[in-house]
Amino acid sequence: MSFVLGNIKCENGKKEKGYWNIEKTRYHIPITVICGKKEGKTVVISSGVHSCEYVGIQAAIETAQELSPENISGTVVILHPVNYTGFFKRLPAVIPEDNKNLNRVFPGDKDGTLSEKIAYNFSKYLYPNIDFFFDLHGGDVQENVTPFVYFSGSADEEIKKISIEAAKSLSLPYRVKSSSVNGVYSSAAMQGVPSLLVERGGRGLWSKEEVGAYKEDILRLLTHFNILENNFSFSDMTQAEINNSKYLESRHNGFWYPAFEAGDTFKKGAFLGEIKDCFGNILETYKAEFDGIILYETISLAIAIDDPLIAYGEI
């Protein structure tokens, strides 16, 4: 049993660290591959698709250090972080070389811009060789989130079923159905790979507690797939499924004043926030279309046209 991804190769019972070279570019992604001594599933843990979402990045780095071939059955592949150049520029949301959001360009293009070539390499060389894709996200520098997990609502029923069962194993209170098809995890699901995207943290910050919670989710997932033995005493969690979500985007360049924080609940018709101009005149006001919870929101005062404002789910 071995795992090969481009220039990276890991043999049975070994751990390999290096950089995955993206074909037809000078770009590379830090990667750790742990091949267990026993056979099992291959799971990818991806972090830093958005390079300022630090909680998932740090959790991936620590997990890569701590996992050992002696303790796992199968293969664990950890990317930490995917947006490597953006990380050092402290640039939220986009790949700096082409200013594109990698989470919007899948399945990619082998002859496209850098982001599209990265997406193509995932689609062509990574997804066909794995059993599950686990994407670690969080609020970016201008955002905050309540912890929750996305599953693809557009995938085939069997892929969706496997993903939902995996989501139930995690320590997250909400499981949200997504209609996205061109993101990193959702494109994997569309290509037949069960997958999840988890959100934790935000504001360009990270803490040991948040990283620890993310690492617990990773251990729960690997235990769920029998990659790790069930030697952990995890507390039970009640997880609600959210099938209806609303995503508000700005139609103005202005100043954003949200009324709630991530995780707050509200009733239908509640005032969610407003955008004003630089003279304090109201440009637009937003009200809730149903009883819900704030999944994530922009917390920066500055807001631009097409920027996300709030995502909320019906409860």
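One can find the structure itself at the top, above this paragraph.
From a predicted model like this one, the values you see are computed outputs, not experimental measurements.

1. Focus: the sheet that holds strand β14 (residues 254–258)
Line of reasoning, step 1. Strand order in the open sheet made by the 4 strands is β17-β16-β14-β19, with antiparallel pairing throughout. Since the sheet does not close on itself, it has two edges, and those belong to β17 (282–287) and β19 (302–303), each with one partner.

2. Remarks on helix α4 (residues 157–168)
Line of reasoning, step 1. Taking 1.5 Å as the rise per residue, α4 with 12 residues should run 16 Å; its terminal C-alpha atoms sit 16 Å apart, in good agreement.
Line of reasoning, step 2. Turning to α4, its buried residues number three or more, namely Ile 159, Lys 160, Ser 163, Ile 164, Ala 166 and Ala 167. Seen end-on, α4 carries its buried residues on one side only, within an arc spanning 160°. Along α4, the residues that are exposed and aim more than 90 degrees away from the buried face are Glu 157, Glu 158 and Lys 161.

3. Details of the side chain of Thr 32
Line of reasoning, step 1. As for its position among the elements, Thr 32 is in strand β4 (residues 28–35).
Line of reasoning, step 2. Accessibility expressed as a relative area gives 2% for Thr 32, which makes it buried.
Line of reasoning, step 3. A polar atom in the side chain of Thr 32 sits 2.9 Å from the side chain of His 80.
Line of reasoning, step 4. Discounting chain neighbours no more than four positions away, the residues touching Thr 32 are Lys 15, Glu 16, Lys 17, Ala 64, Val 76, Val 77, Ile 78 and His 80.

4. Let's talk about the pattern of salt bridges
Line of reasoning, step 1. With the rule as written, the count across this model stands at 14 salt bridges.
Line of reasoning, step 2. In this structure, Glu 66 and Lys 215 form a salt bridge, with 2.9 Å as the shortest nitrogen-oxygen distance. Here the residue Glu 66 occupies a position in helix α1 (residues 54–66), and Lys 215 occupies one in helix α6 (residues 208–224), the gap between them amounting to 149 residues.
Line of reasoning, step 3. Residues joined in a network through salt bridges with shared partners are Glu 62, Glu 66 and Lys 215.

5. So, unusual backbone geometry
Line of reasoning, step 1. Looking along the chain, the bond that leaves His 80 and enters Pro 81 is cis, with omega of -10°.
Line of reasoning, step 2. Notably, Asn 226 is not glycine yet its phi reads approximately 60°, a positive angle.
Line of reasoning, step 3. Tracing the sequence through the fold places Asn 226 in the loop between α6 and β12 (240–242).
Line of reasoning, step 4. The exposure class of Asn 226 is exposed, given its relative accessible area of 60%.
Line of reasoning, step 5. Look at Asp 306: it is not a glycine, yet its phi comes out positive at around 80°.
Line of reasoning, step 6. Take Asp 306: it is sitting in the loop between β19 and β20 (308–314).

6. Focus on the sheet that holds strand β5 (residues 38–47)
Line of reasoning, step 1. The 9 strands lie next to each other as β3-β4-β6-β5-β7-β11-β9-β10-β12, forming an open sheet whose pairing is mixed. What marks the edges here is a single partner per strand, and that holds for β3 (15–21) and β12. Each strand of the sheet is rotated relative to its neighbour by a mean of 25°, with strand direction disregarded.
Line of reasoning, step 2. When strand β10 (residues 174–178) meets β12, the two strands line up parallel, connected through 3 bridges. Each bridged residue has a counterpart across the sheet, and for Val 176 the counterpart in β12 is Ile 242.

7. Quick word on the environment of Lys 110
Line of reasoning, step 1. Tracing the sequence through the fold places Lys 110 in the loop between α2 (84–89) and α3 (114–126).
Line of reasoning, step 2. Owing to a relative accessible area of 41%, Lys 110 belongs among the partly exposed residues under this scheme.
Line of reasoning, step 3. C-alpha of Lys 110 to C-alpha of Asn 121: the two residues are 11 residues apart in sequence and 7.6 Å apart in space.
Line of reasoning, step 4. For Lys 110, the residues in contact, after removing those within four places along its chain, are Lys 24, Lys 117 and Tyr 120.

Calculation rules
Residues numbered from 1 in each chain as written. Predicted model: local features only at pLDDT ≥ 70, side-chain atom pairs only at ≥ 80, totals over all residues. Heavy atoms only, no water. Pairing = 2+ DSSP bridges. Helix = DSSP H or I, 4+ residues; strand = E, 2+ residues; numbered from the N terminus. Expected span 1.5 Å × (residues − 1). Buried < 20%, exposed > 50% of the residue type's maximum accessible area, 1.4 Å probe, protein only. Arc of directions from axis to C-beta. Polar contact = N/O pair within 3.5 Å; in protein donor to acceptor, adjacent residues only side chain to side chain. Contact = heavy atoms within 4.5 Å. Salt bridge = Lys/Arg side-chain N within 4 Å of Asp/Glu carboxyl O. Axes fitted to C-alpha atoms, helices over the stretch in contact; angles between N-to-C directions.

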